[in-house]
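Examining the three-dimensional arrangement
Chain by chain, the residues run as shown.
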Amino acid sequence: MIYSFDLSDKIILLTGGYGYLGKAITESLVYHGATVYVLGRSQEKFNNIFKSNTEKEGRLFFENCDISKTDSIKKAFKKVYDSTGKIDVLINNAFYSEGQSPYKMTDKEWNTGIDGTLSSVFRCIREVIPYLDKNNSSRIINVSSMYGVVAPDFSVYDDFEKFLNPPHYGAAKAGVIQLTKYYASLLGEKNITVNSITPGPYPSKEVQKSEDFINELSDKTALKRIGEPEDLAGAFVFLASDTSNYITGQNLVVDGGWTIK
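First, a word on what this report is: a plain description of the structure on this page.

Rules used in this analysis
Residues numbered from 1 in each chain as written. Predicted model: local features only at pLDDT ≥ 70, side-chain atom pairs only at ≥ 80, totals over all residues. Heavy atoms only, no water. 1 Å grid on protein atoms, 1.4 Å probe; cavity = no way out; pocket = protein on both sides within 12 Å on 5 of 7 lines; lining within 4 Å. Points joined across faces, edges and corners; volume = space filled by probe spheres on them. Helix = DSSP H or I, 4+ residues; strand = E, 2+ residues; numbered from the N terminus. Nonpolar A, V, L, I, M, F, W, Y, C, P; charged D, E, K, R; others polar. Phe/Tyr/Trp six-rings, centres within 6.5 Å; stacked < 30°, edge-to-face > 60°. Buried < 20%, exposed > 50% of the residue type's maximum accessible area, 1.4 Å probe, protein only. Pairing = 2+ DSSP bridges. Axes fitted to C-alpha atoms, helices over the stretch in contact; angles between N-to-C directions. Right-handed = clockwise from strand over helix to strand, strands pointing away. Parallel < 35°, antiparallel > 145°, perpendicular 65-115°, else oblique. Left-handed = near helix turned anticlockwise from the far one by under 90°. Contact = heavy atoms within 4.5 Å.

Things to note about the layout of surface pockets
The gaps of empty space that remain are located by a probe, the size of a water molecule, rolled over the atoms. In this structure, the largest pocket encloses a volume near 1,500 Å³. As for the largest pocket, its lining consists of 45 residues, of which Leu21, Phe95, Tyr169, Tyr202 and Ser204 are closest to the centre. Of all elements in the fold, only α1 (20-31), β2 (35-40), α5 (160-163), α6 (167-187) and α7 (211-219) reach the threshold of two or more residues within the lining of the largest pocket. No other element matches α1, which puts three residues into the lining of the largest pocket. Class assignment of the residues belonging to the lining of the largest pocket gives a composition of 24 nonpolar, 15 polar and six charged.

Here it is as structure tokens:
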């Protein structure tokens, strides 16, 4: 049997699907045939981001979900399952955080960052397992960060407070990679694969206004450029498709060669 990247039989849930990177991920999944439910808190943002997408009424949907609340996650998953009869793939991309300073971060800010970046992923995994277990083959894809693999190089930060990577973010993203391995080991016998994708330097349009900072980031990659959202999207198509049937517990780094040095 020859497997393809066709996702036309897949029902995919994606948290954080209308952000800077999430939009490209969503549209790439839809382009390859998937039916995608973007889970989020603002249908207005969803409608604005995807207003020109011709699939919005057919294979691209919004479902209200607050990843900070277990009840909200439960309701969203059940509503999609009741509507479609199955869930094939969960992609955990959304996160929330609070606090920046590694010197002045409060306990509350630390706990919020850990909860929003790591615990929220755990909650979504826990609640989706009963649905994925109903299928012959299912997927969980978690999103980590290069700062869950390597420490920030603070020498490139001219504006320390503006571009700082806070300590709870990297710690939680490293936890996402380990959580991925844990559930890959646990769920393998159910034929549920669990992998993570680690983006490298994909600064937002706002951050890109600082030309010197972007040049510093680019110089630290092997490809000598920052990533575009479309550079990342294909990794999600791959791990969501049948071509990745025998891949689990892995962390796919898409960073232009940032972490090879």
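Thoughts on unusual backbone geometry
For Asn191, which is not glycine, the phi torsion reads 60 degrees and is therefore positive. Secondary-structure assignment places Asn191 in the loop between α6 and β6 (192-199). At Lys224, a position not held by glycine, the phi torsion is positive, near 60 degrees. With respect to the helices and strands, the residue Lys224 is situated in the loop between α7 and α8 (229-240).

Quick word on the packing of aromatic side chains
One pair of aromatic rings is described through two measures. These are the centre distance and the angle between the planes. Inspection of every chain in the model, using the stated rule, returns eight aromatic pairs. Summarising the aromatic geometry, the rings of Phe46 and Phe50 are spaced 5.2 Å apart at their centres and angled 55 degrees between planes, so their arrangement reads as tilted. Overall, the relative accessible area of 2% leaves Phe46 in the buried class. Note on Phe50: relative accessible area 0%, which makes it buried.

Considering the sheet that holds strand β4 (residues 89-92)
Within a sheet, neighbouring strands are paired by backbone hydrogen bonds and run either parallel or antiparallel to one another. The seven strands lie next to each other as β3-β2-β1-β4-β5-β6-β7, forming an open sheet whose pairing is parallel. Taken across any chain shown, the strands that pair with only one partner, and hence form the sheet edges, are β3 (60-64) and β7 (251-254). Taken pair by pair, the neighbouring strands of this sheet meet at an average axis angle of 20 degrees, ignoring direction. Judged from the five bridges that link them, β2 and β3 form a sheet pairing that is parallel.

With respect to the pairing of strand β1 (residues 11-15)
The buried count for β1 comes to five of five residues, which makes it a mostly enclosed element. The alternating pattern of β1 places Ile11, Leu13 and Thr15 on one face and Ile12 and Leu14 on the opposite face, and all of these are buried. Bridge count between β1 and β2: five bridges; the pairing is parallel. Along β2, the bridge assignment pairs Thr15 with Leu39. The parallel pair β1 and β2 is bridged by α1, and the resulting crossover is right-handed. Across four bridges, the pairing between β1 and β4 is parallel. In the sheet register, Ile12 faces β4, and the bridge partner there is Val89.

Some thoughts on the packing of helix α4 (residues 107-132) against α6
As a packed pair, α4 and α6 sit with axes 9 Å apart at the nearest point and diverge in direction by 20 degrees. If you check the angle between α4 and α6, you find them roughly parallel. With respect to the hand of their crossing, α4 and α6 are arranged in right-handed fashion. Along the contact surface, α4 presents Glu109, Trp110, Gly113, Ile114, Thr117, Leu118, Val121, Phe122, Ile125 and Ile129, while α6 presents Pro167, His168, Tyr169, Ala171, Ala172, Lys173, Gly175, Val176, Leu179, Tyr183 and Leu187. Class assignment for the residues of the contact of α4 with α6 results in 15 nonpolar, four polar and two charged.

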